[in-house]
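What the coordinates show
What follows is the residue order along each chain.
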Amino acid sequence: MSQYVRFLWRCFRISFVGGWRYHLWMLFLTAVALFGLNAYCKQLVHGLGVTGMTDQVSWGLYIANFTFLVGMAAAAVMLVIPVYIYRNKELHDLVIFGELLAVASIIMCLLFVTVDLGRPDRFTHLFRRFNFPFSMLTWDVIVLNGYLLLNLHITGYMIYCHYMRREPRRALFVIPFVFVAIVWAISIHTVTAFLYVGLGARPFWNSAIIAPRFLASAFSAGPAFLILTLQVIGRYTTYHVPRPALMTLRRIVVVALTINTFLLLSELFTEFYTDSQHVASATYLYFGLHGYTALVPWIWTAVALNTIALIMLYLPLARSLRFLNLACVMLIAGIWIEKGMGLIVPAFIPSPLGEIVEYVPTLNELLVCAGIWAFGLLLYTIFVRITVPVLSGRLTYDTDFDPETENHPIARGAPEGSVT
Amino acid sequence: MRLPILDTTSETSAGCCGGGDDASTDTCGCGRPTPGPAAPRRGVARRSFLRTATAVTGGLAAFGAALSPLREIDRETDDTFAGFFQKHYKEMTPEDKEAVFARIRERVRTQHGVDATIADPPPLDGVEFVYALNLSRCNGNRRCVHACVAENNQSRSPEMQYIRVIEMPNGTFNLEEGDHHYDDATVPKEGHFYLPVQCHQCSSPPCTKVCPVEATWQEPDGITVVDYDWCIGCRYCEAACPYWARRFNFTQPEIPSQEINPDMGYLSNRPRTKGVMEKCTFCLHRTRVGRMPACLEACPTGARKFGNVLDPNSDVSQILKNSRVFVLKEEVGTLPRFFYYFDERHPRTGADDQAAIPADLREVVT
Ligand code: SF4
Ligand code: SF4
């Protein structure tokens, strides 16, 4: 117990230690997170009227980001599956970064749902009267929190074992949880998709293809994000990120993005060839409706980004990291737009009574979103900051780890940081 | 397992941040003795301590500044603290209800200087309410809309309305063709009919199914209600309603005190706070005690009929039996209790009513 408390204390200490780049990055994230907090406080005082949401478009950027991040969280599993099922060696040591990403993403998800509530002070009502199993939202509460706990357990246990220089008891404390987490990752997606597809009132969502498309797009955006993150870790810490690992991830991205494109085309065909009244939302999204075109530039940007990224990934060019990274950035942006702007907002336009009210997020709303993202990245950075020295054996219970001078892990690329 | 305070041996062996007693060798400001020559490091220690202190102060100040808008929060109107231990409506005992109603009355008095009555009329046995609306008569004057706002203590700024009247061109039922913002001073407009929509009190309501906290449910007499003190404001029900019948309080509702309707029902028109959902309740504080809904009373054309469908002699039973009624969006399967019909011997169906026939078919027909 005492060891554990000390472990936590040292984790806390080390998260303040690093080179100037690290400090600058953390300072930046903290500042943005505080701006977000400030904006949220304003929202608490004045109500959700400070957002761009209306009775017509009653969910906006918060739920859009939530949806995207559920995808990110589930993507960790795309590292886990190759390692634990196909025994992929390269990825083995990197799995933990995927799981940590899942933890950070789920925390962001929960924050996005919370800021979307009109009366967050009443969240305890969830414990007192839980409409399970009828409301899909209750399912989501369960699967998201469950996934958070699973990943916290797996990562926490592994890191602590390394810290204590103890061999983790994999068969008992890791493997079973990992396999549960794999299924669970699929479930957080499916349940989140069901949240939308079960609504007969919204023909745009009311299609069985949404859940598979969710998985496909998440399994391309998530690993793409990991490709970028792992390179940052490889560059700014002493941790070794082997190139073949990145290439494995690249293959996953290619397959997932291809499937996603195929599903998207199937959906578009059904909508536009049938050309029934149900197509109104899709028409609004892609071409505009009765002169209202707010989403059109967004969605075509997304289409262009995804298409170019897909082509680039198929070319042998993408074996070069520079092109791979470019493709990943484009793809993440593309999927973010597609899932956020492209999936949530158009379902509300036109309204069930045929009224067209467009949605434009307000500055306050954007600040809250930026704040949550910054907070999530802050958490992830801290997780990585702790994990790297622990896994490489420099921060253990019996080492004398001086946080004031231990600047190497983050500051390898920053000679100014490593003073002593 | 040893307690951390007693565990001095492991402290020295580990040598980091455990609260050692030799404060003079503390270099990181956390009470941790650093092994090695202590003397040359004293300056470093002081500087490091100052730096930590500045950082902590700065951090706290920034945090406080970020939280500062919270000073404006109005705990009274939001009812955060008093409402925290309040039970769900269905779990309240009669005494609980008394206490809650008293609190609401008190709040109305302090905010508006009005003595309100908070009633809680129960659903009546053998009663199921149904609405029938004659589209041949409705002329789009929107009296119902405004009577509803006045009756149900809806926010006036921004004004919230439960009833939406849509001006539809003859010859189509495609809602997208409708005009929601027509000018009601010049109604009825030639070649148009008017379609009022409010909560249809569905028999199979998707809105109650999706609510994560059961803050909204269907009563035995068919009225779907919201416990405004239980709703967490997730707006899932609003997304689930196919008739766009739910309204959310995006801001604190504002009603001039002289316009408050003091005849209140807990589940219907008592004042709401920001951040909760509300909707038409067929004026249950009136209809459950034998009165008609406010929208019906306000309608000058007699287009609205309301009553108990289980009573074979009621207006609505007769209409359902004898007229060709229909519901909106039957395909979504929510089984509304709100029916529309047209007068059957109306000139609109006669041969001279060209406007009833879509323009591109007119030639074919005549
Ligand atoms: S019309 Fe909408 S709010 Fe009313 S009962 Fe049906 S689904 Fe619920
Ligand atoms: S907004 Fe309120 S009534 Fe509607 S689903 Fe959420 S908690 Fe239930």
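This structure is a prediction, so every number in the text was calculated from the model and none was measured. (Residues numbered from 1 in each chain as written. Chains lettered and ligands numbered in written order. Predicted model: local features only at pLDDT ≥ 70, side-chain atom pairs only at ≥ 80, totals over all residues. Heavy atoms only, no water.)

Thoughts on the domain arrangement of chain B
Residues and elements named next belong to chain B. Annotation of chain B at the domain level lists domain 1 (74–116) and domain 2 (129–350). For domain 1 versus domain 2, the separation of C-alpha centres amounts to 27 Å. Between domain 1 and domain 2, the contact holds 17 residues from the first and 19 residues from the second. Connecting domain 1 to domain 2 are zero salt bridges. (Domains from an automatic or database assignment. Contact = heavy atoms within 4.5 Å. Salt bridge = Lys/Arg side-chain N within 4 Å of Asp/Glu carboxyl O.)

Focus on the packing of helix 9 (residues 210–236) of chain A against helix 13 (residues 321–344) of chain A
Residues and elements named next belong to chain A. At a minimum axis distance of 9 Å, the contact between helix 9 and helix 13 shows a crossing angle of 140°. Taken together, the axis directions place helix 9 and helix 13 in an arrangement best described as oblique. The handedness of the crossing between helix 9 and helix 13 is left-handed. Contacts between helix 9 and helix 13 involve I210, R213, F214, S217, A218, S220, A221, A224, F225, I227, L228 and Q231 from the former and L321, L324, N325, C328, V329, L331, I332, I335, E338, K339 and L343 from the latter. Here the residues of the contact of helix 9 with helix 13 are counted per class, giving 16 nonpolar, four polar and three charged. (Axes fitted to C-alpha atoms, helices over the stretch in contact; angles between N-to-C directions. Helix = DSSP H or I, 4+ residues; strand = E, 2+ residues; numbered from the N terminus. Parallel < 35°, antiparallel > 145°, perpendicular 65-115°, else oblique. Left-handed = near helix turned anticlockwise from the far one by under 90°. Nonpolar A, V, L, I, M, F, W, Y, C, P; charged D, E, K, R; others polar.)

Considerations on the pattern of salt bridges
All names here are of chain B. Taken as a whole and judged by the stated rule, the model has 27 salt bridges over all chains. Residues R156 and E259 are paired through a salt bridge, measuring 3.0 Å at the closest nitrogen-oxygen approach. Here the residue R156 occupies a position in the loop between helix 5 (143–151) and strand 3 (164–169), and E259 occupies one in the loop between strand 7 (246–248) and strand 8 (263–265), the gap between them amounting to 103 residues. A residue is classified by how much of its surface remains accessible, and R156, at 17% relative accessible area, is buried. Overall, the relative accessible area of 37% leaves E259 in the partly exposed class. Of the charged contacts in the structure, one is a salt bridge between E278 and R272, with a shortest N-O distance of 2.6 Å. We classify E278 as buried; its relative accessible area is 1%. (Buried < 20%, exposed > 50% of the residue type's maximum accessible area, 1.4 Å probe, protein only.)

Overview of the nonpolar core
Counting residues in hydrophobic clusters, the biggest one holds 163 residues, and the most contacted among them are A:F97, A:W205 and A:Y380. Contact partners of A:Y380, with chain neighbours within four places excluded, come to A:F97, A:L100, A:L101, A:A104, A:L226, A:T229 and A:I233. Core analysis: the second largest hydrophobic core is formed by 57 residues, B:V114, B:V127, B:I166 and B:W217 among them. (Core = buried A, V, L, I, M, F, W, Y, C linked by side-chain atoms within 4.5 Å.)

Regarding the site of ligand 2
For ligand 2, the full set of nearby residues is B:C211, B:P212, B:V213, B:T216, B:C231, B:I232, B:G233, B:C234, B:R235, B:C237 and B:M277. In the shell around ligand 2, the residues fall into eight nonpolar, two polar and one charged. (Near = heavy atom within 4 Å.)

Things to note about the interface of chain B and chain A
Between chain B and chain A, the contact holds 82 residues from the first and 66 residues from the second. Buried area between chain B and chain A, summed over both chains or domains, comes out near 6,100 Å², and the portion from carbon and sulfur atoms is 55%. When the buried area of chain B at its contact with chain A is split by residue, B:E176, B:Y236 and B:F250 rank highest and sum to 13% of it. Taken together, the connections running from chain B to chain A amount to five salt bridges. Ionic pairing is found between B:D229 and A:R122, a salt bridge with its closest N-O pair at 4.0 Å. Put simply, chain B and chain A have 32 residue pairs in polar contact (both at pLDDT 80 or more) between them. Looking at the side of chain B that touches chain A, the elements with two or more residues in it are helix 1 (8–14), helix 2 (42–67), strand 3, helix 6 (206–210), helix 7 (236–240) and strand 7 of chain B. Among the residues making up the side of chain B that touches chain A, the classes are represented as 42 nonpolar, 17 polar and 23 charged. (Buried area = accessible area lost by both parts, 1.4 Å probe. Polar contact = N/O pair within 3.5 Å; in protein donor to acceptor, adjacent residues only side chain to side chain.)

Here we look at a nonpolar patch on the surface
Residues and elements named next belong to chain A. A cluster of nonpolar residues, I311, L315, L317, F323 and L326, forms a patch on the protein surface that exposes about 420 Å² of accessible area. By the element assignment, L317 lies in the loop between helix 12 (296–314) and helix 13. Using a relative accessible area of 40% as the deciding quantity, one classes L317 as partly exposed. (Patch = residues over 30% accessible without salt bridge, like charges linked within 9 Å, V, L, I, M, F, W, Y side chains within 5 Å. Areas by Shrake-Rupley, 256 points an atom, 1.4 Å probe, with all protein chains shown as cover.)

What to know about the site of ligand 1
The environment of ligand 1 is formed by 14 residues, the closest being B:C199, B:H200, B:C202, B:C207 and B:C241. Of the residues contributing to the shell around ligand 1, the split by class is nine nonpolar, three polar and two charged.

A look at the packing of aromatic side chains
Following the criterion strictly, the structure yields 44 aromatic pairs over all chains and no others. When the ring of B:F193 is compared with that of B:F342, the centres are 6.0 Å apart and the planes differ by 70°; the resulting orientation is edge-to-face. Placement of the pair is B:F193 in strand 4 (residues 192–197) and B:F342 in the loop between strand 11 (338–341) and helix 11 (359–365), with a sequence separation of 149 residues. In this structure B:F193 comes out as buried when scored by relative accessible area, which is 5%. Among the residues examined, B:F342 registers a relative accessible area of 27% and is labelled partly exposed. With a centroid separation of 5.3 Å and an interplanar angle of 55°, the aromatic rings of B:F338 and B:Y340 are classed as tilted. Members of the aromatic cluster, each reached through a chain of ring pairs, are B:F129, B:Y131, B:F173, B:F193, B:F282, B:F306, B:F326, B:F338, B:Y340 and B:F342. A cation sits over an aromatic face here: A:K339 above A:F214, 4.5 Å from the ring centre. (Phe/Tyr/Trp six-rings, centres within 6.5 Å; stacked < 30°, edge-to-face > 60°. Lys NZ or Arg CZ within 6 Å of the ring centre and 35° of its normal.)

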